[in-house]
Amino acid sequence: MADRKAYRATFCLGASSSTDDVEGELTPGRVPAPDRATVEAALPGLRGQIEQRPPAYSALKVGGRRAYALARAGETPELPVRSVTIHRLELVEWDDTDPDRPLAIVDVECSAGTYVRALARDLGERLGCGAYLGTLVRTASGPFRLADAHGPDELREAAAAGEVSIRRLLLPMDAGLEGLPALTLGPADLAAATKGQVFRPSAGRPRGLDDETPVRLLDASGRLVGIGAWAGGRIAPDKILVGAGEGSGEGEEQAASASPTPVEDRPADCGTEAERG
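Residues numbered from 1 in each chain as written. Predicted model: local features only at pLDDT ≥ 70, side-chain atom pairs only at ≥ 80, totals over all residues. Heavy atoms only, no water.

Novice: For the pairing of strand β8 (residues 103–110), give the residues involved together with the corresponding values.
Specialist: Across the 8 residues of β8, 6 count as buried, placing the element largely inside the fold. Sheet analysis places strand β1 (residues 5–13) next to β8, joined by 8 bridges and oriented antiparallel. Bridged to phenylalanine 11 within β8 is alanine 104. Two elements, strand β7 (residues 82–95) and β8, share 8 bridges in a ladder whose sense is antiparallel. From the neighbouring strand, glutamate 93 faces β8, where its bridge partner is isoleucine 105. (Buried < 20%, exposed > 50% of the residue type's maximum accessible area, 1.4 Å probe, protein only. Helix = DSSP H or I, 4+ residues; strand = E, 2+ residues; numbered from the N terminus. Pairing = 2+ DSSP bridges.)

In structure tokens:
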């Protein structure tokens, strides 16, 4: 997903790492480790839109080979810098129990494609003391937050209490898709969609919908039926969900007879799904 991400990270100062994390070979920094105030003063320079060099030990491909494979073979992969956005970079905790190797716990909010261990590395380079990533926990991805998650014990208790209890813990099926335009289907539209057929929506073209734009397909009750795309004046279903359209009158019978697996194929005249960058 290309949504904004959030992390709680531990930056270990006082040394650099060949992998930019705890698994690499450590090299002491050129200067002594800084104090908290010095680190806080350096963080603003890493906020906003920045040019970031991905770690050599990464899954990016160079000439058809993974960068980490080249690095492990003793080669230095040439990885181009990439533009990323650091929306938030805040020091939330400081541990200088070992003054030569202090730990900075930071909260990071960033665009997709950001390497947090590269942030640690770049901070260490700016300070001259070296730094690498010690721990990393993703706290949010788009609208999904770790703080809203339910633990295994809570899920087991809810499951034991019955379907109603477990449903209360579940997010709506289209959670995370709020950024996509929505189209409410009429009975005929629903019948066609649940069969994976291209159709002209009875409500006409949704406002602001461009060709090939993904659109949420909803039944009359507002439940998600699937994902389609506007193409040549029609909606081409792309993914149709199991049980979609149930309880929607005429569409219910059509949904019941639909294939129990998602419809993967789109008509040949409607193009193919765009490749992810």
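Novice: Tell me about the pairing of β1, and please be specific about residues and values.
Specialist: Taking burial as the measure, the 9 residues of β1 include 8 buried ones, the bulk of the element. For β1 and strand β9 (residues 131–141), the ladder comprises 9 bridges, and the chain directions are antiparallel. By the bridge assignment, arginine 8 is partnered in β9 with valine 137.

Novice: Can you break down the pattern of salt bridges residue by residue, with the values?
Specialist: With the rule as written, the count across this model stands at 15 salt bridges. Of the charged contacts in the structure, one is a salt bridge between arginine 121 and aspartate 20, with a shortest N-O distance of 3.4 Å. Of the two residues, arginine 121 is situated in helix α3 (residues 116–127) and aspartate 20 in the loop between β2 (15–17) and β3 (26–28); the sequence distance between them amounts to 101 residues. Taken as a pair, arginine 121 and aspartate 20 share a single burial class, namely buried. Taken together, the salt bridges that share partners define one network made up of Arg8, Arg88 and Asp107. (Salt bridge = Lys/Arg side-chain N within 4 Å of Asp/Glu carboxyl O.)

Novice: Lay out the sheet that holds strand β12 (residues 214–218) in plain terms, naming residues and giving numbers.
Specialist: In space, the 4 strands of this open sheet follow the order β11-β12-β13-β14, with mixed pairing throughout. The open sheet has two edge strands with one neighbour each: β11 (182–184) and β14 (234–240). Shown here is a sheet whose adjacent strand axes are inclined to one another by a mean of 40°, direction ignored. Sheet strands in contact with helix α6 (residues 187–194) are β12, β13 (224–231) and β14, and its direction is about 50° off that of β14. (Axes fitted to C-alpha atoms, helices over the stretch in contact; angles between N-to-C directions. Contact = heavy atoms within 4.5 Å.)

Novice: Give me the lowdown on the sheet that holds β1, citing residues and values where you can.
Specialist: Strands sit in the order β4-β7-β8-β1-β9-β10 across an open sheet of 6 strands; the sheet is antiparallel. Only two strands of the sheet have a single neighbouring strand rather than two, namely β4 (48–52) and β10 (144–145). Running at roughly 140° to β9, α3 makes contact with β1, β4, β7, β8 and β9 of the sheet.

Novice: Which residues make up the nonpolar core, and what values go with them?
Specialist: Counting residues in each nonpolar core, the largest one holds 26 residues, and the members touching the most others are Phe11, Leu13, Val106, Val108 and Leu123. For this core, the elements supplying multiple residues, two or more each, are β1, α1 (36–42), β7, β8, α3 and β9. Not counting the four nearest positions on each side in its chain, valine 106 is found in contact with Tyr7, Arg8, Ala9, Phe11, Leu89, Glu90, Leu91 and Val92. One finds Leu185, Leu190, Phe199 and Val215 within the second-largest nonpolar core, a separate group that totals 13 residues. (Core = buried A, V, L, I, M, F, W, Y, C linked by side-chain atoms within 4.5 Å.)

Novice: Explain α6 residue by residue, including any values.
Specialist: Taken across its 8 residues, α6 has 6 buried, putting it largely inside the fold. Taken residue by residue, α6 has Asp189, Leu190, Ala191, Ala192, Ala193 and Thr194 as its buried positions. Positive backbone phi, approximately 80°, marks glycine 196, located one or two places after α6.

Novice: Talk me through the confidence of the model for the protein chain; I want residue IDs and the actual numbers.
Specialist: Taken as a whole, the protein chain shows an average pLDDT of 85; of its residues, 86% reach a score of 70 or greater. Every residue in residues 247–277 is under pLDDT 50, and counting partners more than four places away or in other chains gives 45 contacts. (pLDDT = per-residue confidence, 0-100.)

Novice: Describe the environment of aspartate 21, listing the residues and the values that go with them.
Specialist: Along the chain, aspartate 21 turns up in the loop between β2 and β3. It is 8.7 Å that separates the C-alpha atoms of aspartate 21 and alanine 120, two residues lying 99 residues apart in sequence.

Novice: Got a sec to walk through the environment of aspartate 3? Specific residues and values, please.
Specialist: Relative to the assigned elements, aspartate 3 resides in the segment before β1. Sequence separation of aspartate 3 and proline 143 is 140 residues, and the distance between their C-alpha atoms is 8.3 Å. The contact partners of aspartate 3, leaving out residues within four places of it in the chain, are Ala112, Gly142 and Pro143.

Novice: Let's hear about the side chain of arginine 216: which residues, and what values?
Specialist: With respect to the helices, strands and loops of the structure, arginine 216 is situated in strand β12. Within the structure, arginine 216 has its side chain in polar contact with the side chain of aspartate 174 (distance 3.2 Å). A distance of 3.1 Å separates a polar side-chain atom of arginine 216 from the backbone oxygen of leucine 180. (Polar contact = N/O pair within 3.5 Å; in protein donor to acceptor, adjacent residues only side chain to side chain.)

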